[in-house]
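For reference, the chains in residue letters:
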Amino acid sequence: MKNVYGILLLCIHLAYSQRTPMISHITQQRITDIGDTTELTCTVLYASDFNILWTKIDKERSTDPVTFSSGSTLIIRDSRLSLRYDMHSNSYSLQIIEIQETDAGFYRCDVNLGMNNKLSAETELVVRRRPFISDNSTRSLIVNEGQPVKLECYAGGYPSPKVSWRRANNAILFNNISIYRGNILKIDSITKEDRGTYFCVAENGVGKGARRNIAIEVEFAPVITIPKRHLGQALQYDMDLECHVEAYPPPAIIWLNNGVQLTNNQHYRISHFATTDETTDTTIRIITIENRQYGDYVCKASNVLGTTEVTVTLYETIIPVCPPACGELSSLHLKNSSIKMTSAYVPFLIAIYLFFVYSNF
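Residues numbered from 1 in each chain as written. Predicted model: local features only at pLDDT ≥ 70, side-chain atom pairs only at ≥ 80, totals over all residues. Heavy atoms only, no water.

(A) Structural detail: the packing of aromatic side chains. Under the defined criterion, the tally for this structure stands at three aromatic pairs. Their ring planes at 40 degrees and their centres at 6.0 Å tell us that Phe68 and Tyr107 sit as a pair that is tilted. Residue Phe68 is found in strand β5 (residues 66–70), and its partner Tyr107 is found in strand β9 (residues 105–114); the two are separated by 39 residues along the sequence. The ring of Phe220 has Lys192 sitting right over it, with the charged end atom 5.9 Å from the ring centre. Above the face of the Phe199 ring, Arg211 is positioned so that its terminal group lies 4.1 Å from the ring centre. (Phe/Tyr/Trp six-rings, centres within 6.5 Å; stacked < 30°, edge-to-face > 60°. Helix = DSSP H or I, 4+ residues; strand = E, 2+ residues; numbered from the N terminus. Lys NZ or Arg CZ within 6 Å of the ring centre and 35° of its normal.)

Structure follows, in structure tokens:
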């Protein structure tokens, strides 16, 4: 009987000693925010004679795995990491506090069975991250008018961000819409009105989102507009001829009369004022007009994409035209008026003075 009992105990011992370890539980995917605390648990049955490891693997960069623990011992010195071993359930729990973006990735529980032989299970730690604009997104562009344009914007983060497009000052994009949703914004044939700043906005509900400003410069030949094509002025008075030029790159602007380029001298004063990168206002003042200065004046603008010109005609009038003549006449009129008013009031002031003097006697 004793022999039978001994044989039974031996069989039970052999049966237990030959049991293969099994990972019965591992924490499912965890989604956390930056700064949170999380715990990853791996439970291994029949693991008393085997070494259990917690290892982090980076599937995107294909770098070497980083082993955090061996058995019940933490082998990486990091104040944010701790390991808890429950011998009753054979559970190995890796705790991470103050979660950072770099903590995101796959964590693997390894059971070493022997040389080049192991049992593994893995879980993923996902960290919510505010959006960021990827480097392969479009940056600022310089294009010619009429060309097709494709603006691309790609964003990362978790959850996956949604991308939308807007223009500065809520300007219209196309098809009378102010917001376009999608990664790629296409303009089939760009015009000078399409130039300006475009915003690529990525949002996923984490933080304030991300934005990239994309400046589009549209190169186009000069376009000239003028207030009036025919202007009149009397002899011996000044007159201003004006010309508004739109072009990019900024153009060279000249004024001509009878085919001769005009310059600043005692007869002419030319000025250019750039109001933006694409617009310039130019004025030529004809000083103390003489008979020979009546006629056609050409405003001519040129850049690498073309040349444009318009003609302004100056003709003679009998009465001076304002401006700039009115400024001179007004000041002269005010001066004469003040002189006449002063002369008229002198006797009146003397009379008042004498009245007060004699009334006191």
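(B) A look at the sheet that holds strand β1 (residues 22–26). Across the sheet, four strands lie side by side as β1-β3-β8-β7; this open sheet has antiparallel pairing. Across the chains shown, the open sheet's two edge strands, defined by having one partner strand only, are β1 and β7 (81–86). Put simply, the sheet's adjacent strands are angled 20 degrees from each other on average, direction ignored. Note: β1 against strand β3 (residues 38–45), four bridges, orientation antiparallel. (Pairing = 2+ DSSP bridges. Axes fitted to C-alpha atoms, helices over the stretch in contact; angles between N-to-C directions.)

(C) Looking closely at the state of the cysteines. Tallied over the entire structure, the rule returns three disulfides. Bridging Cys153 to Cys200, the disulfide has an S-S length of 1.6 Å. Between Cys153 and Cys200 the disulfide shows an S-S torsion of about -50 degrees. By sign, it is left-handed. Separated by 47 residues along the polypeptide, Cys153 in the loop between β12 (149–152) and β13 (155–158) and Cys200 in strand β17 (residues 196–203) bring together distant segments of the chain. Among the residues examined, Cys153 registers a relative accessible area of 0% and is labelled buried. (Disulfide = S-S within 2.5 Å. Buried < 20%, exposed > 50% of the residue type's maximum accessible area, 1.4 Å probe, protein only.)

The analysis is restricted to geometry; functional conclusions fall outside its scope.
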